[in-house]
Amino acid sequence: MEFLSPSTLEEALEAKSAHPDGLPIMGGTDVMVELNFDKRRPAALIDLTRIPELAEWGAEDGCTRLGAGVPYTRIIEHLSAAAPALAKASRSVASPQIRNRGTVGGNLGGASPAGEAHPPLLATDAVIELASVRGRRRVPAREFYLSFRTTARRDDELITAVLLPEPSGPQQFAKIGTRNAMVIAVTSFSLALDAERRTVGTGLGSAGPTPLRAEAAEEFLAGEFDWEGGAPLPEAAVRRFGELVAAASRPIDDQRGSAGYRRHALSVMARRALSWSVTDYRKEATRCA
Amino acid sequence: MRVSFNVNGEDVTADNVWPGESLLYVLRERLGLPGSKNACEQGECGSCTVYFDGVTACSCMIAAGQAEGRRVRTVEGLAQGSGKGPERELGTVQDAFVEAGAVQCGFCTPGLLVQTDDLLERTVGAGLPAPDDAEIREALAGNLCRCTGYEKIIDAVHLAAERHAGTGGGA
């Protein structure tokens with residue numbers, strides 16, 4: 001096994017082009033588990049921790065550009081206003097030691113349906129930046145996840161950044177696990193209200209072979225919600241929203257939970273996230289009035 | 001491959017390192033620093049926690065080559081003094097764990113010590129109030145102990161925080 005240690009993005013892209021089956025490693029919180037347990041023996045490890053660009057974040061064209069190698073701890077510290085749903089999800093990742101190392105780029109590279117970053121990226125309509133020696137391209141998160149652990153990333157591409165649209169309304173994240181820390185989600189849910197476009201975004205984690213959206217639930221809520229005043233929704237509408245979220249899931253029975261439990265939990269999280277969001281929305285509407 | 005980095009203030013080099021092995025393996029098996037413990041090898045237990053460029057991390061999840069040129073501080077580096085033998089004195093956190101009875105089988109202890117040291121540096125060490133129970137539990141959420149039930153560990157952290165604040169500096 002080769003260990004490649006590029007110090008610039010150009011070098012890294014050349015390395016990935018020369019070794020398309022080479023495995024990029026950043027925080028190592030997924031990759032090293034596979035190596036330690038003999039589950040994977042890549043021909044090459046491509047260490048991305050020495051590339052300054054990947055560890056940076058900043059404002060760009062009405063978005064926050066988040067380098068793929070920024071650890072969750074930094075996202076929690078610095079992006080709770082610019083990316084509330086992602087920051088909330090980041091807080092629920094594993095433990096402090098893992099949050100110090102784990103990155104959104106790693107979540108996207110592994111593309112486990114349980115990855116905490118995916119539901120917020122879907123709900124907020126984030127965009128993923130991919131790069132190769134052929135150039136850079138951008139893929140909406142909503143088109144990124146193709147099938148189980150398969151994404152739109154091509155073999156010679158690296159994930160370089162995520163573009164997070166400026167929030168225009170409340171964003172929430174909820175996760176069910178057997179305890180608060182150190183758990184892989186049994187299932188998770190993210191909700192984003194966009195007051196400007198009057199649209200709703202959702203993201204479901206551990207609810208199917210890929211991270212999913214509940215598009216029927218999004219359309220339903222966008223039509224029912226009082227975008228002017230943020231009036232609380234009738235109980236029946238809240239319940240209907242939860243049902244539509246659960247109906248969009250394609251869960252399995254496994255050691256972490258049954259499909260039926262996951263569907264139930266999704267409907268409960270959807271209702272809760274909605275009620276938190278309506279409360280936040282009303283606060284904002286009152287302040288602006 | 002050859003990997004050179006700094007451990008506890010000392011520049012070290014390890015040879016014949018397999019590129020896929022962990023920093024934990026290099027520390028324990030190649031550099032004679034067995035303080036960091038190998039238990040789960042998947043970041044669940046925290047017993048291999050070290051400072052890596054000043055930030056705590058599970059050393060089982062850092063590839064050896066990623067440590068090239070970096071600064072590592074292990075549990076061995078928490079004791080005061082530069083020697084390797086009995087001339088070294090335990091640091092504030094280590095003393096507090098012994099006194100509070102927070103050490104039973106001892107396997108999780110090195111990771112808890114490093115993670116506690118970090119918590120105290122970020123709180124009382126930075127002029128902030130001593131951490132409360134909730135903050136301690138959050139900071140130590142990635143360190144599993146199967147003996148103590150954690151109560152004595154929490155006591156030890158409170159004790160270390162008091163002393164750290166009292167002396168104006170830690171180990």
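Every chain is numbered on its own, with residues counted from 1 as its sequence reads. Working convention: letters from A go to chains and numbers from 1 go to ligands, in the order in which they are written. Totals for whole chains, interfaces and linings use every residue, but because this is a predicted model, local features are given only for residues with pLDDT of at least 70 and side-chain atom pairs only at 80 or more, for both listing and counting.

Under an unreviewed UniProt entry, the name given to chain B is (2Fe-2S)-binding protein, and the source organism is Nocardiopsis tropica.

Where an unreviewed UniProt entry is consulted, chain A appears under the name FAD binding domain-containing protein, with the organism given as Streptomonospora nanhaiensis.

Overview of the domain arrangement of chain B
Residue and element names in this part refer to chain B. With domains assigned, chain B is organised as domain 1 (3-78) and domain 2 (92-167). Think of it this way: build a C-beta for each residue from its backbone, and any pair within 7 Å is a contact. Listed by partner, the interface residues are 15 residues for domain 1 and 14 residues for domain 2. Here a strand is any run of E in DSSP of at least two residues, a helix any run of H or I of at least four, and the numbering for each starts at the N terminus. When residues in the side of domain 1 that touches domain 2 are grouped by element, the largest group, 3 residues, is from strand β3 (residues 49-52). All residues other than Ala, Val, Leu, Ile, Met, Phe, Trp, Tyr, Cys, Pro, Asp, Glu, Lys and Arg, Gly among them, are scored as polar; the first ten of these are nonpolar and the last four charged. Of the residues in the side of domain 1 that touches domain 2, the class split is 7 nonpolar, 6 polar and 2 charged. Domain start and stop positions are those given by an automatic or database domain assignment.

Overview of the domain arrangement of chain A
Residues and elements named next belong to chain A. For chain A, the assigned domains are domain 1 (2-165) and domain 2 (171-288). One C-alpha centre belongs to domain 1, the other to domain 2; they are set 25 Å apart. Residue-level contacts link 23 residues of domain 1 with 24 residues of domain 2. At the level of secondary structure, the elements contributing two or more residues to the side of domain 1 that touches domain 2 comprise α4 (84-91), α7 (118-123) and β8 (145-147). Sort the elements by how many residues they give to the side of domain 1 that touches domain 2 and α7 lands first, with 6 residues. Broken down by class, the residue content of the side of domain 1 that touches domain 2 amounts to 13 nonpolar, 6 polar and 4 charged.

So, unusual backbone geometry
The phi torsion at Asp125 of chain A lies on the positive side, around 60°, for a residue other than glycine. In this structure, Asp125 of chain A sits in the loop between α7 and β6 (127-132). Residue Asn16 of chain B is not a glycine yet carries a positive backbone phi of 55°. Tracing the chain through its elements places Asn16 of chain B in the loop between β2 (10-14) and α1 (23-30).

Points about the pairing of β2 of chain B
Residue and element names in this part refer to chain B. Note on pairing: DSSP must find at least two bridges between two strands before they are called paired. Where strand β1 (residues 3-7) and β2 come together, 5 bridges link them in antiparallel fashion. Note on β2: the bridge partner recorded for Val3 is Ala14. Between β1 and β2, which pair antiparallel and follow one another directly, the connecting turn spans 2 residues, one of which, Asn8, has a positive phi of 50°.

Comments concerning the environment of Lys175 of chain A
Residue and element names in this part refer to chain A. Structurally, Lys175 can be placed in strand β11 (residues 171-176). Exposed residues have 12 or fewer other C-beta atoms within 10 Å of their own C-beta, buried residues have 20 or more, and partly exposed residues fall in between, where C-beta atoms are placed from the backbone. What makes Lys175 buried here is the crowd of 25 C-beta atoms within 10 Å. With 152 residues separating them along the chain, Lys175 and Leu23 place their C-alpha atoms 29 Å apart.

Section: the sheet that holds strand β13 (residues 199-205) of chain A
Residues and elements named next belong to chain A. One open sheet accounts for 3 strands, arranged β11-β12-β13; its pairing is antiparallel. Edge strands, defined here as strands with exactly one partner in the open sheet, are β11 and β13. Each strand of the sheet is rotated relative to its neighbour by a mean of 10°, with strand direction disregarded. In this structure, strand β12 (residues 187-194) lies alongside β13, joined through 7 bridges in antiparallel fashion. Directly across from Ser188, in β13, lies its bridge partner Gly205. All axes are obtained by fitting lines to C-alpha atoms, using only the stretch in contact for helices, and the reported angles, taken between N-to-C directions, cover 0 to 180 degrees. Each of β11 and β12 touches α4; the most contacted strand, β11, lies at about 25° to it.

Describing the packing of helix α2 (residues 92-100) of chain B against helix α3 (residues 109-122) of chain B
All names here are of chain B. Across the interface, α2 lies against α3 with an axial gap of 9 Å and an inter-helix angle of 125°. When the axis of α2 is compared with that of α3, the two are oblique. For α2 against α3, the interelement crossing comes out right-handed. Taking contact as the criterion, the partners of Val93, Gln94 and Phe97 in α2 are, on α3, Thr109, Leu113, Thr116, Asp117 and Leu120. Of the residues assigned to the contact of α2 with α3, the class counts are 4 nonpolar, 3 polar and 1 charged. Any angle that falls under 35 degrees is termed roughly parallel, while one over 145 is termed roughly antiparallel, one within 65 to 115 roughly perpendicular, and all others oblique. Note: crossing handedness is left-handed where the near helix turns anticlockwise from the far helix by less than a right angle, and right-handed where it turns clockwise.

Points about the pairing of strand β4 (residues 55-58) of chain B
All names here are of chain B. The sheet contact formed by β3 and β4 spans 4 bridges and is antiparallel. Paired with Thr49 across the two strands is Cys58, which belongs to β4. Counted between consecutive antiparallel strands, the loop separating β3 from β4 contains 2 residues, among which Asp53 sits at a positive phi close to 50°.

Details of the UniProt feature "domain: FAD-binding PCMH-type" (unreviewed entry) in chain A
Taken from the UniProt record, the annotation "domain: FAD-binding PCMH-type" (unreviewed entry) applies to residues 1-169 of chain A. Here residues 1-169 of chain A runs as 28% helix and 26% strand, with 48 Å between its end C-alpha atoms. UniProt positions are given in the numbering used here, feature names are shortened, and annotations may be inferred rather than shown by experiment.

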